[in-house]
Structures are given as C-alpha cells and as structure tokens.
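Take a look at the letters that make up each chain.
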Amino acid sequence: MGVGIKVEHLNAWFGKTQALHDINIAIASNHCTAVIGPSGCGKSTFVRCLNRMHETIPDAKAAGKVEIGEMDVYNGTSAVSIRRRIGMVFQKPNPFPTMSIYDNVASGLKLNGFRDRKRTDEIVERSLKYAALWEEVKDTMHKKSGAGLSGGQQQRLCIARALAVEPQVLLMDEPCSALDPISTGKIEELIFQLKEKFTIVIVTHNMQQASRVAEFTGFFLLGKLIEFDKTEKIFTTPSDKRTEDYITGRFG
Amino acid sequence: MANHALGAPHVSGPQPTEKTLVVVETSAQSAPLVQVGGNEWPDRVFSWTMLLCGLSVLAIVALIIVELVTKSNLSWHAFGWRFFVQSDWDPVNDQYGALPFVYGTIVSSVLALVLAVPLAIGVAVFITEMCPRWLKGPLAFTTELLAAIPSVIYGLWAIFVLVPLLREYVQPWLAKYWGWTGLFEGPPYGIGMLAAGIILAIMVVPIVSSMTREVMTAVPQQQREAVLALGATRWEMIRVGVLRNARAGILGGIILGLGRALGETMAVTMVIGNRPEIAKSLFAPGYTMASVIANEFSEATGDVYLSALVEVGLALFLVTIIVNILAQFLVWSVTRGTPARANG
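Residues numbered from 1 in each chain as written. Chains lettered and ligands numbered in written order. Predicted model: local features only at pLDDT ≥ 70, side-chain atom pairs only at ≥ 80, totals over all residues. Heavy atoms only, no water.

Participant: How do you make sense of the pattern of salt bridges when you look at a structure like this?
Facilitator: Residues and elements named next belong to chain A. Counted according to the given criterion, the structure contains 24 salt bridges over all chains. Residues glutamate 125 and lysine 129 are paired through a salt bridge, measuring 2.7 Å at the closest nitrogen-oxygen approach. With glutamate 125 and lysine 129 both in helix α4 (residues 117–130) and four residues apart, this pair spans about one turn of that helix. Notably, a salt bridge pairs arginine 126 with glutamate 166, separated by 2.6 Å at the nearest N-O pair. Of this pair, arginine 126 sits in helix α4 while glutamate 166 is found in the loop between α6 (151–164) and β7 (169–173), placing the two residues 40 residues apart along the sequence. Among the residues examined, arginine 126 registers a relative accessible area of 30% and is labelled partly exposed. (Salt bridge = Lys/Arg side-chain N within 4 Å of Asp/Glu carboxyl O. Helix = DSSP H or I, 4+ residues; strand = E, 2+ residues; numbered from the N terminus. Buried < 20%, exposed > 50% of the residue type's maximum accessible area, 1.4 Å probe, protein only.)

Participant: Hey, could you run me through the interface of chain B and chain A in this one?
Facilitator: Where interface size is given, it is often the accessible area lost as the parts come together that is meant. Listed as interface residues are 21 residues of chain B and, on the opposing side, 27 residues of chain A. When chain B packs against chain A, close to 2100 Å² is buried across both sides, 58% of that on carbon and sulfur atoms. Counting across the chain B and chain A interface gives three salt bridges. Ionic pairing is found between arginine 48 of chain A and glutamate 225 of chain B, a salt bridge with its closest N-O pair at 2.6 Å. Linking chain B to chain A there are six residue pairs in polar contact (both at pLDDT 80 or more). Taken together, the elements giving at least two residues each to the side of chain B that touches chain A come down to α11 (221–229), α12 (234–263) and α16 (339–343) of chain B. In terms of residue count, α11 of chain B provides more of the side of chain B that touches chain A than any other element does, seven residues in total. (Contact = heavy atoms within 4.5 Å. Buried area = accessible area lost by both parts, 1.4 Å probe. Polar contact = N/O pair within 3.5 Å; in protein donor to acceptor, adjacent residues only side chain to side chain.)

Participant: Help me understand the packing of helix α3 (residues 101–111) of chain A against α4 of chain A, please; the structure alone is not making it clear to me.
Facilitator: Think of two packed helices as two axes; the pair is described by the angle between the axes and how far apart they sit. All names here are of chain A. The N-to-C vectors of α3 and α4 enclose an angle of 115°; their axes lie 10 Å apart at closest approach. It follows from the interaxial angle that α3 and α4 lie roughly perpendicular. The handedness of the crossing between α3 and α4 is right-handed. Residues Tyr102, Val105, Ala106 and Leu109 of α3 form the contact with α4, whose participating residues are Arg117, Thr120, Asp121, Ile123, Val124, Ser127 and Leu128. Considered class by class, the residues forming the contact of α3 with α4 number seven nonpolar, two polar and two charged. (Axes fitted to C-alpha atoms, helices over the stretch in contact; angles between N-to-C directions. Parallel < 35°, antiparallel > 145°, perpendicular 65-115°, else oblique. Left-handed = near helix turned anticlockwise from the far one by under 90°. Nonpolar A, V, L, I, M, F, W, Y, C, P; charged D, E, K, R; others polar.)

Participant: Looking at this structure, how should I read the nonpolar core?
Facilitator: The nonpolar side chains of soluble globular proteins are, as a tendency, buried together. The biggest cluster of nonpolar side chains holds 91 residues, and the ones touching the most others in it are Ile5, Val7, Leu10, Phe46, Val66 and Ile68 of chain A. Element by element, the count of residues in this core is highest for helix α10 (residues 193–218) of chain B, at 14 residues. Among all residues touching isoleucine 68 of chain A, those that are not within four sequence positions of it are Val3, Gly4, Ile5, Leu50, Val73, Ile86 and Val169 of chain A. Grouped together as the second largest cluster of nonpolar side chains are 45 residues, Leu157, Ala160, Val165 and Ile247 of chain A included. (Core = buried A, V, L, I, M, F, W, Y, C linked by side-chain atoms within 4.5 Å.)

Participant: Would you mind going over the pairing of strand β3 (residues 32–36) of chain A with me for this structure?
Facilitator: The side chains of a regular strand alternate between the sheet's two faces. Among the five residues of β3 of chain A, five are classified as buried, and the element is accordingly described as predominantly covered. Burial along β3 of chain A is two-sided: Cys32, Ala34 and Ile36 of chain A and Thr33 and Val35 of chain A, pointing in opposite directions, are all buried.

Structural data, given as structure tokens:
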C-alpha cells in the first residue's frame, strides 16, 4: 500500500542558487499527483528531494521536513534506506545495459541482499506484469539485454525494476518525455493501475498528461509552489493568475 | 522561390522589387561566383602524399618482420621448435633454448598485472567518483606523469630504493610467513623476479588507470542515478553502475598495460638478475626476452648466437602484436557504441 507524503518548509539549493523556496504540500496516498511548470521551475528538484537524490549532485543541498509515511526523510533516516522504499523512474530510460532483462528487474532485490531464487522469480514476473511488459519479454528475458528493447519497453522495464522492491511511493520524473505517443499511452494506462498499490508523484511537461492521469496537480514557478489543488480545479478554475496564464499557454 | 515569398505583397507592392530580383538572377547565371571543375592537381598531390604516409607505416612493420625472419633463419633451422621449449642457453657450445626468457617475460608481466590492476582501478575509482574537486586535477596529472618518466630512471630508483627495501624488510617477512607456498624461498637478494614485477607494476599503473578513468567517465550519469535510486550505497553504485558498465574498456586498458610490461627492457634488465634459469621462487633471479637481447647483442660473436637472439626478438614481437590486436578488439567493442553509450 502507498503512503502519504507531507512536505513542510522544504528549501533546496544548487551551490548558492536557491532552487526551491519554502515548499509546503501534502500528497495523498494511493493517488497520482502531477507536478507541472515551465522548464527550470524546480519541479524535478522537488521530486528528487523526496528521495534525497537531489543531494547526490555535487554542491546541491536541501533542508526542511519531508515525511513519507512514518519516515522522516531529512531527520534520522539514512538516504540509502529511504531510496529503498521509494521507487524512481527517470526521464531517460536507463536500464543496465550489461544485465539481462531479468537481472535488471532483480537488481534492486540483489542490492538489498535478497537471495531466494524462487521468490525472486515470482517477484520478477509480478513486477514485469505490473509494468505490462511480461507478455513481450517472458521468453527472452534471460538472454536479452535490457538495452536491446525499444525506448518504451525500456521505460516500462525501468518501472518494473523500481516496483520489484515494493516501494511505497513511485516518483516519476518526466517518464514519457523521450517516448512516442503509443508508448506514452501505455505508461499512462499503467499509472492508472499502479495507483491502487502505490502513491505516485509524476513530473510532467505535458499538461494533457497531467489532466489525464492525476487527481491532484501542483504548479511550480521559479522554485515556488504557486498552486496545489484538485486537477480539475487547476485546469478549469485556477485561483492564481499565474497558473491560469501557464495552463492557457500565455507563457512557458 | 523569391517570387513565392513575395507572392502576397507583390500584388499591391511596388513593381521595382520584382525587377531587381530578376536582374540578380540573370547576373548569377552569366558569371558564377564559384567555378565548378577546373584545377584538381593540388587535391591529387594531397591525396598521394597522405597515401604515402599511410603506407609508410605498413612498410616499416613489414621491413621489421622481414628482417627478424631472415636474420633468425639460421637459428630456426638449427633448433626448430625446440628453441622455444629448451631451457639451456649456452653460447660457448652454441646451444640455445629461449624458454627461460619466455618464462621470465611472462611471469614478470603477469606479476606486474596482479600488483598493478587493483591499484590502478582503485586510483581511477578514487579520481572519478570520490575525489574532492581540488585534488582531481593534480592527482590525474601526477598519474599521467608516472607514464612519462624514462624507464632507466625507474631502474635506478629500483636499484637504490626498491631492492634494498625488498632485501631488508619485505623478503624476510614474505619468507617467514608465506615461504610455505614455495613462491618466496631462497636467499633474499633483493634483485630478482619480484623486484622486476614490482617495478613493472609501477610502470603499468598509469596506463591501466588512465584508461579505466576514461571509460568510467564515459559511463552516463543516468546509470549512476538508476543504481542510487534503488537504494544502493556508494560502493554498490560504483560496482553495479560504473565498473560493470566499463568492464570491457577496463579490460582493454589492462591488455595495453600487459603490452607495455612484456616489452619493457631497461628497468627490468637493471633489477631482474639476468640469469637464464627457471625457478619457482620469485626471489630467484630471472631473465626476460627484451633483457637478453639488450644485454647480449653487442657481444654475440657467432652467427648462430646472433641468429638466436634475433629469434628471441621475433618471439617477443609476435607476442606483443597478438596482445595489441586483442586490445584493439576490446577497445573497439567498447567504443563501437555499447548500450551504455547509446543510453547516454
């Protein structure tokens, strides 16, 4: 089951440049929340702060309170153990090219010291089914490299890899921006089904995508969270002028 | 085309615009700015010159091979394949077997790799993944510098620093605790196979480490992030996300290092002891193919003696060529656009 996320007074920096200013947001469990905004508005940084990937960039730092379920992300929990419970899918599909499809999905389990062969088989199958990739790869998954798949399949493989460790939250950082419309459709369909089991936060450039998959949408601008509300409200009657300008295409 | 662009305004627009355009077009037709065809001989000279440059490399290699084969003919006829499996090297009785040299070359090189590869990979991992930024440049530069030191300097350093150290401290300790393996027996001279292996290792480290560093840097950042996001520690990230993706390139670097170790002459000659014997102990003196040629060429009086030395050279040449071809294949398989790069 997914868990909710509570963010209070989150600030983030790249060196001396502040990328996020005092973000407060409460993300509902087992729903999909979209984060939209123009390029450079801090939406990716925000998502990367949730699993502490932000701080892996040299000179980047973050401060504030982030609670994911019972975990206090910036206080008393190690970054490694947080990332084990939060899956992440990146903009560019990044399967491990030297591993087979099967090993790609099992890689998270292996890293966590999971050695049970039979259970691993089950989990890999289940994860590939979650990611709607099972039918396409079940015969070749031991032989074929993860890099031998098409772009859309690679991205679904990355989703399967993230889901294999049974995370509570799935973060998606523009997961469809490198994909064609058909693959995008498949991934969106997937998000719909995955909501039942995971809390999903998706960063997207594509406002139609946000309106299709997300119940809640947050609009970021210049490192600030301008508005956060139900998706219909954001796209029909936003309460902030800047949100309206953005979604009607007046800038960005 | 120009008329098209002007299509809309030109209905109401002024006539002169169209006229000027027409004039420009006709003038362009009557006197082209750039001549087509014409003088081609500079290009021909250029291509012939470049062809000559390219062929000269092939010619040099061919000449070396011809020279080695013809000059070693005498020895080849006298000993045949026995030359490579016999171990007595006796210039007085004109009996030559190159096995101790082949053995010495291979053992000293393999020993060098065993010592150098972990160190070199460690250096590369530290520089690319963990080093504070201010230290990165100086450290990388110093590693490269190691490759630029002439080998005779390494030899001198080995004689005055490394050999006494081995004799006084390292070898007694090895003999005491690891003597039972049989690899560390006999009197600790300092000079010998172990010293040669260590000095070769120091010379090989910069080659392996700079190659490793390059392929590690080429691994896309997304691969590192993918592993980190799965909840990997830094070491796991380096192992799964970086080293695993770079392994073919690292292998290429190791083989280039092996090529260097096989052919190295000066530093090895100065410390290996130069005795054509095959001994199990690494403390014992040995001899390599390159060293025997350098040491004995000037005093080789008989024709068969000279021919035997050339045959040793031929053997060394072949081994080095094989190693280099292997390295080229490996490096090529990395740069050809492995999935790792396609992803980047």
